[in-house]
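Residues per chain are reported as follows:
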Amino acid sequence: MVECEVAGEKLVLLPEKVAYWPARRALFVADFHLGKAASFRSAGIPLPAGTTSDNVKRLDRAIAATRAKEVVFLGDFLHSAAGRTPATFATFSRWREARSAVSLTLVRGNHDKKAGDPPPSWDMRCIDAGEAFGAFVLNHEPGPSRRGGYALSGHIHPAVRLTSGEESLRLPCFWFAARYGVLPAFGAFTGSAEIRPRRGDQVFVIAEEEVLKVA
């Protein structure tokens, strides 16, 4: 874990690609993309099974490590209507039953608006982007909030390329600009987009099981 200050608040960044806010015991997760592999398989694209179980286990590790009482999904929790398969939903339902004391909030992203809200039995509060959450504003797409406050988002699956001589490595990252922050994509098979940070921005890469700050 690595601690950083964002908007005057302490955030803890985990290699599970989530950010923890101790003041509210809240965990921020971007681009979970539940059912993405199942959606691809339904379209005839061969992807391995088990990604939902792996993602749920990783989320559970982050909750156990931080003792978070709330999880805020910053959009694109569900990937598509085709990904709403019985097996995928059964896996997440079992996890939800085991973690029923944890509050869940979903900021609807572009994928969620097409896929639909999660089942009511998951007891997940679904909201549109722009809601205030203490010092932060909950968004999906990156950019400053029109209502003021520091916006947290996902959507673009940020990554940076680190180079040294002829060696080059592209890694997912947390990116905190002056007025908004972007979290790495949590889900598997999500791809990434290289960002162009400005001077003064904070960037932290995820390198296997470590979070590292880069210049």
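Reading the values: rules and limits
Residues numbered from 1 in each chain as written. Predicted model: local features only at pLDDT ≥ 70, side-chain atom pairs only at ≥ 80, totals over all residues. Heavy atoms only, no water. Helix = DSSP H or I, 4+ residues; strand = E, 2+ residues; numbered from the N terminus. Rg over C-alpha atoms; globule rule 2.2 N^0.38 Å. Buried < 20%, exposed > 50% of the residue type's maximum accessible area, 1.4 Å probe, protein only. Contact = heavy atoms within 4.5 Å. Lys, Arg positive; Asp, Glu negative; His and termini not counted. Charge placed at Lys NZ, Arg CZ, Asp CG, Glu CD. Pairing = 2+ DSSP bridges. Axes fitted to C-alpha atoms, helices over the stretch in contact; angles between N-to-C directions. Expected span 1.5 Å × (residues − 1). Arc of directions from axis to C-beta. Salt bridge = Lys/Arg side-chain N within 4 Å of Asp/Glu carboxyl O. Polar contact = N/O pair within 3.5 Å; in protein donor to acceptor, adjacent residues only side chain to side chain. Phe/Tyr/Trp six-rings, centres within 6.5 Å; stacked < 30°, edge-to-face > 60°.

Asker: Outline the overall build of the protein, supporting the account with residue identities and numerical values.
Answerer: Along the backbone of the protein there are 4 helices and 16 strands. Here the C-alpha radius of gyration of the protein, 17 Å, is about what a compact globule of 215 residues would show, namely 17 Å. Along the longest, intermediate and shortest principal axes, the C-alpha atoms of the protein span 45 × 45 × 30 Å. For the protein, the residues scored as buried account for 51% of the 215 residues in total. Considering only residue pairs separated by 6 or more positions, the protein has 66% of its internal contacts joining residues 24 or more positions apart. Once the 28 positive and 23 negative side-chain charges of the protein are each reduced to a mean point, those two points are 3 Å apart.

Asker: How would you summarise the sheet that holds strand 5 (residues 70–73) if you had to cite specific residues and measurements?
Answerer: A sheet is described by the order of its strands in space; here 7 strands give the open sequence 1-2-3-4-5-6-7, paired in mixed fashion. At either end of the open sheet lies a strand with only one pairing partner, and these are strand 1 (2–6) and strand 7 (124–127). Averaged over all pairs of adjacent strands, the angle between strand axes in this sheet comes to 25 degrees, irrespective of strand direction. With 4 bridges joining them, strand 5 and strand 6 (residues 103–107) adopt parallel strand pairing. From the neighbouring strand, Glu70 faces strand 6, where its bridge partner is Ser103. Where helix 2 (residues 51–66) meets the sheet, it contacts strand 2 (9–14), strand 3 (18–21), strand 4 (26–29) and strand 5, and its direction lies at approximately 155 degrees from that of strand 4.

Asker: For helix 2, give the residues involved together with the corresponding values.
Answerer: The end-to-end C-alpha separation of helix 2 is 23 Å, in line with the 22 Å expected for 16 residues at 1.5 Å each. Those residues of helix 2 that fall on the buried side of the exposure criterion are Thr51, Thr52, Asn55, Val56, Arg58, Leu59, Ala62, Ile63 and Thr66. Angular distribution of buried residues about the axis of helix 2 spans 160 degrees; they occupy a single face of the element. In helix 2, the exposed residues that point more than 90 degrees away from the buried face are Lys57 and Ala64. Backbone geometry just downstream of helix 2 places Arg67 in the positive-phi region, at approximately 60 degrees.

Asker: Tell me about the side chain of Asp201, and please be specific about residues and values.
Answerer: Inspection of the secondary structure puts Asp201 in the loop between strand 14 (193–194) and strand 15 (202–207). We note that Asp201 is buried and unpaired, the nearest opposite charge coming from Arg198 at a distance of 6.1 Å. Among the polar contacts made by the side chain of Asp201, one reaches the side chain of Trp175 at a distance of 3.0 Å. Here the side chain of Asp201 touches Arg198 through a polar contact of 2.9 Å, landing on its backbone nitrogen. Excluding its chain neighbours within four sequence positions, the residues that come into contact with Asp201 are Trp175, Phe176, Ala177 and Ala178.

Asker: Give me the lowdown on unusual backbone geometry, citing residues and values where you can.
Answerer: Backbone geometry follows two general trends: most residues other than glycine have a negative phi, and most peptide bonds adopt the trans configuration. The residue Lys17 is not glycine, and still its phi comes out positive at about 75 degrees. Within the fold, Lys17 resides in the loop between strand 2 and strand 3. The backbone of His155 sits at a positive phi, close to 75 degrees, despite the residue not being glycine. With respect to the helices and strands, His155 occurs in the loop between strand 10 (150–153) and strand 11 (158–164).

Asker: Requested: an account of the environment of Ile195, with residues and values cited.
Answerer: Relative to the helices and strands, Ile195 is located in the loop between strand 14 and strand 15. Along the primary structure Ile195 and Val160 are separated by 35 residues, whereas in three dimensions their C-alpha atoms are 6.0 Å apart.

Asker: Before we move on, can you summarise the packing of aromatic side chains with the specific residues and values?
Answerer: The final tally for this structure, using the stated rule, is 18 aromatic pairs. Seen from their ring centres, Phe77 and Phe92 are 5.2 Å apart, and the 75 degrees between their planes marks the pair as edge-to-face. Pair noted here: Phe77 is in the loop between strand 5 and helix 3 (86–98) and Phe92 is in helix 3, with a separation of 15 residues, a long-range link. Neither Phe77 nor Phe92 differs from the other in exposure class; each is buried. An angle of 90 degrees between the planes, with centres 6.2 Å apart, marks the rings of Phe77 and Trp122 as edge-to-face.

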